[in-house]
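Fold and geometry: a report
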Amino acid sequence: MNKIKKIGSLSKLVHFVLVLVLFVPFLSHAYTGITIVLSAPSQTNLDFVDSFKEELIATKNHNLKVKVIDLQETEKLIVAENSELVIALGVKALTAASKLKHTTPVIGVFTPLPTFNALLESSGRDLGIFSAIVLDQPYSRQISLIKTVLPEIKTLGILLGSTSSRYAEHLRDEGEKNSLNVSLETINDESELIPKLQKVLESNDALLAIPDPSIYNRETAQPILLTSYRHQKPVFGYSQSYVRAGALAAVYSNTKHLAKQAAEIAIKTQQAPGLLPPPQTPKYFSVLVNHQVARSLNITVMNDEDIYKILLKLEMTQHEEARH
Amino acid sequence: MTNKKHLLLLMLLVIANLQIAHAKEENVQIVSEDDYIGDVPKVLTVSRLSQPLSDAPSAVTVIDRATIRASGIVDLPEIFRLVPGFYVGTNAGYIYNSNHVVSYHGMATAYAGTMQVLINGRSVYTPVFGGVKWSELPIAIADIERIEVTRGPNAASYGANSYFGVINILTEHPSEAEGNKISVTHGDGRNEAFYRHGGKLGDLSYRITTGYREDDGLDNRNDFKRTRLLNAQADYQINDTNSLEFEFGIANGNRADGEAAKDYVLFVPREREIFNHYELIRWQHNISADSDFKLQAYHSFDRSNDNFTSTNLRANAAKLFIENGFLPAVANAFVGTFLNDQVSINNDIDTERFDIEAQHTFSPVSNLRVVWGGSTRLDNTYAPYWLGTKATDRFKLQRLFGHVEWRINDKLLMNVGSMVEHNSFTGTDISPRASINFKITPNQTIRLGVSSALRTPNYVEEKFNAKVIIPRVAPFPAGVAYTFQDAGNVNPEKIVSREIGYLGDFGQFSLDAKIFNDEISDFISTPRIPNFVTPGFTNLAGRARSGENGGDVLVNGFETQAKWRLTKDTNLLLNYAYVDITANEDDTTSNINQSAPRHTISALLTHRFDSNWDASLAYYQTSKTTQLGDGNPVDLIRKCDIRVARKFSSGNWNGEVSGVVENLFDSHDQEFADYNTLKRRARINLRLDF
């Protein structure tokens, strides 16, 4: 007992020191602008940089300097250490940035939530200095989309894998809030995928795809979408690409959306340096419907823009309710 | 000492923590942004998406796996009893194709040739007698994903011979069939065993099914069937926009044929060997989000080995002469001049088909969907007896087709299509169609359609030149033509079909109804020609036949299909059809007005008791009918089938035991002809998936 107490107090001390180290240097550091770190010079990442800069100009924040570093060309990220804010695009960039000294504020973009959590844990960084705009759309938004597209829906099937299984409770709760019966199946082995998918499709009105590389990947897209289509059940995807492949609809955030949100954070951070907002889901989004799939499944769907407006309105009322 | 202990403990804890952390890292897959926003190959491409029933240009019945399973059938054609307006006759015909007859709106012989039948887009329609040799198809029922039946001509989409309707059988995609499946059936006059393996090798998914079927046929008929089959299907995903599909199938076995009471030459009871195989390759290319291209080529070969010797002819021929008005003494003297007692006939038939088809599907603007393409086919037929030559006959066919679906607005949809076909038998023909679908409410549709189709004559009607010559002793010249069939050189049969359809979908209840009017002209029949002069031979009066174009036939009727979800676990499928055929029997063929039952009813009730037990009850009723060709008058039939199944699983094994009783009340009704008596039959099936 005694020993454990001692270890406890030791960790408290370490923590204290850590917090001290985290905040003190900031007061002395001069403003050095924003550094965007690219995992790779992909089109998406380059578009992000452009949109980000445009957003700064549009909001009259010309004074913010933006430096871009390509991780593939830069061995050492150390140059970014004195930035006021590091925006890491992609998992590789965020992993590298998480190894910077703990005083450099880092925000990840194009980062899945599970990866952000893993990096937060492994880097030992604190939330105020390490944050992200995750790629995961809020479940409430996805459920709202489903309810808007299929007002008659009663049961929703979800397949969970090793990564996504930790969100089971959240999904169930979100369904309950919207009087939607959510049935979950956990896939432990690749061979279970199709039988469990068939089981879920037989007893539910639709399938919601929750990103998990062990379930939804390039190779499984064909059997999942074909099987669902043959059961004449719609799939709600998580990306534009999945909708184009054959899912019925998805809410998604494009580069522009994420750049706008990141710019907002950057501007705020400039005003209150060293205190990043907590990790957040995408604020701006679009709706994409595969109307050919809708037609083939004989589902009457309004146009994407109208659905988007409904979702926006819903989120505003939800927000209002939360405030009261 | 205490300090050392502390240190040791701390170290242990650190190590333990490290191990935990390490273990955690291994468990958690690092999810990258590509897992969220990376490209996914397009799966439901524009050509893979079918029209919903409410947009289709004609009435369509979809039979899914669940229905096939619940029906408890072992013979594939039996499933069409659940399609309104369809007639299914057990074991029709005596030779070459003593299979089920499946027809729609009547006018069919044992070799019903009025419908196009496709398996994954490959035509299995046989050119010799027409129709489909159902029991010889190298396909296992368990591999079928669903069957789409277009009720009405659809030549604009599927080509000529999509005359009264189109049956499109679609098998499960290989990627959905991973693992192993064993199915064993034992019952009255029936034993079956099938094994299937599905797997994946990188970007290649495949499925192989092999099986053996023993069918003892009906009582009092020489109609047993033994079939071995192997079927393989593979899909190779080259990249995001290209895939290759391969199919292969082979079947062989023995068939008992013949019916002594009907004819003592051609229908002499005997056994023959069948053998067939096919190979198919299909390239699917996704050009863009709204555009697909497909190129398909296949080859199929079918052989029936049937060399036989007739019964003793003298007595029977004498009887025939007497029946035809000869004095017994003259008749007996005449048969005395026969050289031999018997004749030998080489009824081997080989057919071979090569077919290439290209199809482009695209959507130039969002409310327009266009399919167009072309195909070319070569059919080689070797049938020395029927064609009167040992030379292989070549039948060539070229097609060009186009179809446009135009969504005028939310309520109005128009389908327009046409096909131009050129073939060696009848030259160039055009089959157009048009329909308008009007959504009166979001879940109710009215459809008005008119479509025309042509039926290219089969070899029986067009080219048969068959004779059985009984040689005579010197000094009598030549021989006696016992039977003679002359080349018809007929024109194609034409159909113009008009329909008004209604579709309503009310959640638990859906209804599909249509009234139709089919106008057939140039009806082809193969009547006997009483005064036929057989060149060079003495003819047995009344035994010559030839194909000819006859008069007009009018088919009017009404059919409906209702699906009712009574409770969460109870479903009812109900079909009714009223078919009225009117034709002048002097100009067409006798019994044509009775060639479809006036009323057909079928129903399937399924119920799931719990997650393991389920049962279904099927009811089939057809009113009296006289089928053409080898058919003869049969009365009203009522038949009830029952199926009970229990699922079980243990570890990695899933299974099901099911029992089926066909014709529960042992009604002893006759089907298709008076020689086919239906009796009660039971069987049990065990299925294991692992």
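Conventions used here
- Residues numbered from 1 in each chain as written.
- Chains lettered and ligands numbered in written order.
- Predicted model: local features only at pLDDT ≥ 70, side-chain atom pairs only at ≥ 80, totals over all residues.
- Helix = DSSP H or I, 4+ residues; strand = E, 2+ residues; numbered from the N terminus.
- Buried ≥ 20, exposed ≤ 12 C-beta atoms within 10 Å, placed from the backbone.
- Contact = placed C-beta atoms within 7 Å.
- Nonpolar A, V, L, I, M, F, W, Y, C, P; charged D, E, K, R; others polar.
- Core = buried A, V, L, I, M, F, W, Y, C linked by C-beta atoms within 7 Å.
- Domains from an automatic or database assignment.
- Pairing = 2+ DSSP bridges.
- Axes fitted to C-alpha atoms, helices over the stretch in contact; angles between N-to-C directions.
- Parallel < 35°, antiparallel > 145°, perpendicular 65-115°, else oblique.
- Left-handed = near helix turned anticlockwise from the far one by under 90°.
- Arc of directions from axis to C-beta.
- pLDDT = per-residue confidence, 0-100.
- Expected span 1.5 Å × (residues − 1).

So, on to the overall build of chain B. Each helix and strand in chain B was counted, giving eight helices and 39 strands. Taking the principal axes of its C-alpha atoms as reference, chain B extends roughly 135 × 60 × 50 Å. The burial tally for chain B puts 44% of its 690 residues in the buried class. Within chain B, contacts between residues separated by at least 24 positions form 63% of all contacts whose residues are at least 6 apart in sequence.

This part takes up the overall build of chain A. The number of helices and strands found in chain A is 12 helices and 11 strands. Counting contacts in chain A only where the partners sit at least 6 residues apart, residues at least 24 apart contribute 71% of the total.

Tallying the contact residues gives 35 residues for chain B and 41 residues for chain A. Residue assignment for the side of chain B that touches chain A shows that the elements contributing at least two residues are α1 (2-27) and α2 (34-37) of chain B. The dominant element in the side of chain B that touches chain A, judged by the number of residues it contributes, is α1(B), at four residues. Considered class by class, the residues forming the side of chain B that touches chain A number 16 nonpolar, 12 polar and seven charged.

It is worth spelling out the nonpolar core at this point. Ranked by size, the top nonpolar core spans 100 residues in total, and within it A:V37, A:F236, A:A247, A:A249 and A:A262 carry the most contacts. Shared between two domains, this core takes at least three residues from each, and those domains are domain 1 (31-135 + 257-271) and domain 2 (139-252 + 290-323) of chain A. Excluding anything up to four places from it in sequence, A:F236 contacts A:Q142, A:L145, A:I146, A:A206, A:L207, A:L208, A:A209, A:A247, A:L248, A:A249 and A:A250. If you look at the next biggest cluster of nonpolar residues, it comprises 90 residues, including B:A59, B:V102, B:A155 and B:I520.

Before going further, it helps to spend a moment on the domain arrangement of chain A. Per the domain assignment, the segments making up chain A are domain 1 (31-135 + 257-271) and domain 2 (139-252 + 290-323). Of note, the centres of domain 1 of chain A and domain 2 of chain A, computed from C-alpha atoms alone, are 30 Å apart.

Let's shift gears to the sheet that holds strand β6 (residues 144-151) of chain B. Residues and elements named next belong to chain B. The five strands are arranged β1-β6-β7-β4-β5 in an open sheet whose pairing can be described as mixed. The open sheet terminates on both sides in strands that have one partner only, identified here as β1 (59-64) and β5 (122-123). As paired elements, strand β4 (residues 115-119) and strand β7 (residues 165-171) share five bridges and run parallel to each other. Bridging from a neighbouring strand, I119 pairs with I169 of β7.

Residues and elements named next belong to chain A. Reading across from one edge, β2-β1-β3-β4-β5 is the order of the five strands in this open sheet, with parallel pairing throughout. Each edge of the open sheet carries a strand with a single partner, namely β2 (66-70) and β5 (130-134). Mean inter-strand twist for the sheet, computed between neighbouring axes without regard to direction, equals 20°. Bridge analysis of strand β1 (residues 34-38) against strand β3 (residues 85-89) gives five bridges, and the strand direction is parallel. Each residue of the ladder has a partner; that of T35, found in β3, is V86. Most of the contacts of helix α4 (residues 113-123) go to β5, to which it runs at about 170°, and overall it touches β4 (106-111) and β5. Docked against the sheet, helix α10 (residues 255-271) engages β1, β3, β4 and β5, running at close to 175° with respect to β4.

Residues and elements named next belong to chain A. Contact geometry of helix α5 (residues 139-149) with helix α12 (residues 304-323) gives a least axis separation of 10 Å together with a crossing angle of 130°. Considered as vectors, α5 and α12 are oriented oblique to each other. Considering how the two elements wind past one another, α5 and α12 form a crossing that is right-handed. Contacts between α5 and α12 involve S140, R141, S144, L145, T148 and V149 from the first element and I307, I310, L311, L314, E315 and Q318 from the second. Taken together, the residues of the contact of α5 with α12 sort by class into six nonpolar, four polar and two charged.

Right, let's talk about the pairing of strand β34 (residues 613-622) of chain B for a bit. All names here are of chain B. Across the two faces of β34 the burial differs, with D614, S616, A618, Y620 and T622 buried and W613, A615, L617, Y619 and Q621 not buried at all. Across nine bridges, the pairing between strand β33 (residues 599-608) and β34 is antiparallel. Each bridged residue has a counterpart across the sheet, and for T600 the counterpart in β34 is T622. Hairpin connection from β33 to β34: four residues lie between these consecutive antiparallel strands. Direction of pairing for β34 relative to strand β37 (residues 637-650): antiparallel, over a ladder of 10 bridges. Bridge assignment links Y619 to a residue of β37, and that residue is C640.

Moving on, we come to helix α7 (residues 193-203) of chain A. Quick reminder: α-helices carry 3.6 residues per turn. Residues three or four places apart thus point the same way. Residues and elements named next belong to chain A. For α7, the set of buried residues is L193, I194, L197, V200 and L201. Projected down its long axis, α7 carries its buried residues within an arc of 125°, all on one side. Those residues of α7 hidden inside the fold are in contact with β6 (155-160), β7 (181-186), β8 (206-208) and α8 (218-230).

Residue and element names in this part refer to chain B. Side chains F86 and V88 project from strand β2 (residues 86-89) onto one buried face, and the interleaved Y87 and G89 project onto a second face that is buried too. Relative to strand β3 (residues 101-104), β2 is paired through four bridges, and the arrangement is antiparallel. Directly across from V88, in β3, lies its bridge partner V102.

This part takes up the confidence of the model for chain B. Residue and element names in this part refer to chain B. In the predicted model, chain B carries a mean pLDDT of 87, and 93% of its residues have values of at least 70. Throughout residues 1-27 the model reports pLDDT below 50, and contacts reaching past four residues in sequence, or to other chains, amount to four contacts. As a predicted assembly, this complex carries a pTM of 0.84 together with an ipTM value of 0.84.

Before going further, it helps to spend a moment on unusual backbone geometry. Residues and elements named next belong to chain A. With a phi close to 45°, S179 is a non-glycine residue in the positive phi region. By secondary structure assignment, the location of S179 is in the loop between α6 (168-177) and β7. In this structure, Q232 takes a positive phi of about 55° despite not being glycine.

Residues and elements named next belong to chain B. Among the secondary structure elements, D235 is positioned in strand β11 (residues 225-237). D235 sits in the buried class, given 23 other C-beta atoms within 10 Å. For the pair D235 and Y206, spaced 29 residues apart in sequence, the C-alpha separation works out to 6.3 Å.

Now for helix α2 (residues 43-58) of chain A. Residue and element names in this part refer to chain A. The end-to-end C-alpha separation of α2 is 22 Å, in line with the 22 Å expected for 16 residues at 1.5 Å each. Turning to α2, its buried residues are N45, F48, S51, F52 and L56. Relative to the axis of α2, the buried residues are bounded by an arc of 140° and lie together on one face. In α2, the exposed residues that point more than 90 degrees away from the buried face are Q43, D50, I57 and A58.

Here B:S658 is to be found in strand β38 (residues 653-662). Excluding residues within four positions of it along the chain, B:S658 makes contact with B:R643, B:V644, B:A645 and B:N685.

This next bit is on the packing of α7(A) against α8(A). Residues and elements named next belong to chain A. At a minimum axis distance of 10 Å, the contact between α7 and α8 shows a crossing angle of 30°. The orientation of α7 with respect to α8, classified from their angle, is roughly parallel. Along this stretch, α7 crosses α8, giving a crossing that reads as right-handed. Residue-level contacts link L193, I194, L197, Q198 and L201 of α7 to T220, P223, I224, T227 and S228 of α8. Residue classes in the contact of α7 with α8 are distributed as six nonpolar, four polar and no charged.

Residue and element names in this part refer to chain A. Scored by pLDDT, chain A comes out at a mean of 86, with 89% of its residues at no less than 70. Strand β9 (residues 235-236) holds the highest mean pLDDT among the elements of chain A, 97, whereas helix α1 (residues 2-28) holds the lowest, 44. Scored below 50 in pLDDT, residues 1-11 shows three contacts in the model against residues more than four places distant or in partner chains. The model gives residues 13-30 a pLDDT under 50, and that stretch makes 11 contacts with residues more than four places away or in other chains.

Let us look at the environment of B:E352. Residue and element names in this part refer to chain B. Structurally, E352 is set in strand β17 (residues 349-362). Sequence separation of E352 and H299 is 53 residues, and the distance between their C-alpha atoms is 7.3 Å. Apart from the residues lying within four places of it in its own chain, the contact partners of E352 are F301 and N380.

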